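Observations on chain architecture
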Amino acid sequence: EGTAPHAAVDAAVTLVRELNHAQPQGNVAALLPRSPGERDQARLAVHMLAGAHIPARLVSGVPLIDGARDLQLRSWLEVNNGAEWIAIDPTTAA
């Protein structure tokens, strides 16, 4: 059984906000490492969303920025809304 398209993205954004909370509650606090990075947060979000039957995946890449040098590998979360994959930054929920 799936989740309504907008509800899937809303659930992911809510979860990422909780992952970034200064003092996460309950299961989130128990599952996060002490100093989680964006990859840790995105990976945990994918697993937790899978438990709610929300299709999500961990993505890594280099964001292309005009004129930028020394670009670093980044990780983010993508959630499927039924029509497309929506990127969500695991550190800002944007």
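Each remark here, short or long, concerns the structure printed above.
Positions within a chain are numbered from 1, following the residues in the order the chain's sequence is written. pLDDT decides what is reported in this predicted model: residues at 70 or higher carry local features, side-chain atom pairs at 80 or more are listed and counted, and totals for whole chains, interfaces and linings draw on all residues regardless. Where side-chain values are given, they derive from all heavy atoms of the structure, hydrogens and water being excluded.

1. As for a nonpolar patch on the surface
Rules: To count toward a patch, a residue needs a relative accessible area above 30% and no salt bridge. Like charges then connect within 9 Å, nonpolar side chains (Val, Leu, Ile, Met, Phe, Trp, Tyr) within 5 Å. The protein chains shown are the only cover counted for residues, whose accessible areas, like all others here, come from Shrake-Rupley with a 1.4 Å probe. Salt-bridge detection follows one rule: a side-chain nitrogen of Lys or Arg within 4 Å of a carboxyl oxygen of Asp or Glu. Only DSSP runs of H or I reaching four residues or more are called helices, and only runs of E reaching two or more are called strands; each is numbered from the N terminus.
Together, Val-62, Leu-64, Ile-65, Leu-71 and Leu-73 give the surface a local cluster of nonpolar side chains, amounting to about 520 Å² of exposed area. Positionally, Val-62 belongs in the loop between strand S1 (56–61) and strand S2 (74–80).

2. Brief notes about the pattern of salt bridges
A side chain with one charge can pair with a side chain of the opposite charge if their charged atoms come near. Selection criterion: Here's how the labels work: a residue is buried when its accessible area is under 20% of the maximum for its type, exposed when over 50%, partly exposed in between, all with a 1.4 Å probe on protein chains only.
A full pass over the atoms with the stated rule returns four salt bridges. Here Arg-74 ties to Glu-38 by a salt bridge, and the two come within 2.8 Å at their closest N and O atoms. Taken together, the positions of Arg-74 in strand S2 and Glu-38 in helix H3 (residues 38–51) put the pair 36 residues apart, joining distant regions of the chain. What makes Glu-38 buried here is its relative accessible area of 18%. With its nearest N and O atoms 3.7 Å apart, the salt bridge here joins Asp-40 to Arg-43. Pair noted here: Asp-40 and Arg-43 are both in helix H3, with a separation of three residues, about one helical turn.

Function cannot be inferred from these measures alone, as they are strictly geometric.
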